[in-house]
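# Structural description and commentary
The lines below spell out each chain.
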Amino acid sequence: MNLRNPRMIGFGISNRQTHTSAMANASGAIIGSKFVTLLDQTGTPEEALRLLRAALEQ
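Report on the accompanying structure. Just so you know, these numbers come straight off a predicted model, no measurement behind them. (Residues numbered from 1 in each chain as written. Predicted model: local features only at pLDDT ≥ 70, side-chain atom pairs only at ≥ 80, totals over all residues. Heavy atoms only, no water.)

A count of helical and extended segments in the protein chain gives three helices and two strands. Mapped in sequence order, the helices and strands of the protein chain form the string β-α-β-α-α. Residues counted as buried form 19% of the 58 residues belonging to the protein chain. If you take every contact in the protein chain between residues at least 6 apart in sequence, the share linking residues at least 24 apart comes to 21%. Of the accessible surface of the protein chain, which amounts to about 4,500 Å², a share of 52% is contributed by carbon and sulfur atoms. (Helix = DSSP H or I, 4+ residues; strand = E, 2+ residues; numbered from the N terminus. Buried < 20%, exposed > 50% of the residue type's maximum accessible area, 1.4 Å probe, protein only. Contact = heavy atoms within 4.5 Å. Areas by Shrake-Rupley, 256 points an atom, 1.4 Å probe, with all protein chains shown as cover.)

Now for the environment of Ala26. If you trace the backbone, Ala26 turns up in the loop between helix H1 (16-25) and strand E2 (28-29). What makes Ala26 buried here is its relative accessible area of 17%. Along the primary structure Ala26 and Leu56 are separated by 30 residues, whereas in three dimensions their C-alpha atoms are 17 Å apart. With residues near it in sequence (within four places) discarded, Ala26 still touches Arg7, Met8 and Ile9.

The following block contains the structure:
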């Protein structure tokens, strides 16, 4: 990205719609809470990441 002043958005991003909106208005998106919730539900980082990717692709 090599931007001088990159901006990241990291609140309320949990699905494709909110991710797409964030990416349209910033240099990136931080998806923390959704990952932690999925990690708590699944118990493994690999499964949580798989489910997070699936949520962003829907």
